[in-house]
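Close look at the chain arrangement
So the chains spell out like this:
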Amino acid sequence: MRTDEMGPVDARLGARLAELRAQHGWSLGELADRSGVSRSTLSRAERAEISPTAALLNRLCAVYGRTMSQLLSEVEAEPEAVVRSTGQLVWQDRASGFVRRSVSPPHPALRGELVEARLPPGADLAYDRPPVAGLEQHIWVLEGALEVTAQDTEHRLDAGDCLRMRVWGPTRFRCTAPEGVRYLLAVVRP
């Protein structure tokens with residue numbers, strides 16, 4: 001995707017990633033070593049030449065000690081008490097088709113957030129680590145079916161099912177429904 005095709009969220013996200021790296025005083029090489037992401041990919045993401053994938057953002061969030069929602073909320077305006085549907089940030093991982101709507105974004109006075117997520121049929125997202133160790137997650141499937149693997153245990157969730165867990169290691173989200181899956185993710189920082 002060309003830079004001129006990138007959206008305003010990607011541009012603000014790239015600038016925020018560059019800002020975070022500068023705040024830590026890290027070179028691209030140091031961040032690459034810490035995150036396991038190549039220097040060229042990091043550079044292209046910071047310049048908004050690419051739209052980062054969910055897996056890439058997860059790796060950077062782990063290095064910076066943030067949830068993905070926190071990072072994405074940092075690129076939008078100050079959050080209001082009421083988050084209107086028209087003001088909810090929507091982000092898409094173009095590689096997997098994962099769509100993430102920040103229904104209730106992080107707020108400095110709150111530890112929790114709500115995310116509506118959609119995965120197309122067959123989508124398979126793997127995260128090699130949590131963005132924050134011990135992160136509490138509640139996954140409520142609204143439509144379709146989802147397989148979630150955490151701590152080497154696979155959980156099959158159908159519409160109406162809710163998985164409650166703390167995330168300490170790798171996780172995997174796989175859509176097993178032919179029509180895709182829509183779920184609500186409640187995230188609570190430790």
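Below you will find a few notes about this structure. Not measured: the values here are computed from a predicted model.

1. Details of helix 2 (residues 28–35)
- Taken as a whole, helix 2 has its buried residues at Gly29, Leu31, Ala32 and Ser35. Each buried residue of helix 2 sits inside an arc of 165 degrees when the element is viewed along its axis, so together they form one side.
- Residues of helix 2 that are buried in the fold lie against helix 1 (8–24), helix 3 (39–46) and helix 4 (54–64).
- Positive phi appears at Gly36, one or two residues downstream of helix 2, with a value of about 80 degrees.

2. What to know about the pattern of salt bridges
- If you walk through the whole model with that rule in mind, you get 15 salt bridges.
- Between Arg44 and Glu49 there is a salt bridge, with its nearest N and O atoms 3.6 Å apart.
- Taking relative accessible area as the criterion, Glu49 reaches 23% and is therefore assigned partly exposed.
- The residue Arg172 makes a salt bridge to Asp124 at a minimum N-O spacing of 2.4 Å.

3. Notes on the nonpolar core
- Judged by nonpolar contacts, the single largest core of 50 residues is most densely connected at Phe98, Leu119, Ile139, Leu146, Phe173 and Tyr183.
- Residue contributions to this core peak at seven residues, all from helix 4.
- Discounting chain neighbours no more than four positions away, the residues touching Leu119 are Phe98, Leu125, Leu146, Phe173, Cys175, Gly180, Val181 and Tyr183.

Analysis parameters
Residues numbered from 1 in each chain as written. Predicted model: local features only at pLDDT ≥ 70, side-chain atom pairs only at ≥ 80, totals over all residues. Heavy atoms only, no water. Buried < 20%, exposed > 50% of the residue type's maximum accessible area, 1.4 Å probe, protein only. Helix = DSSP H or I, 4+ residues; strand = E, 2+ residues; numbered from the N terminus. Arc of directions from axis to C-beta. Contact = heavy atoms within 4.5 Å. Salt bridge = Lys/Arg side-chain N within 4 Å of Asp/Glu carboxyl O. Core = buried A, V, L, I, M, F, W, Y, C linked by side-chain atoms within 4.5 Å.

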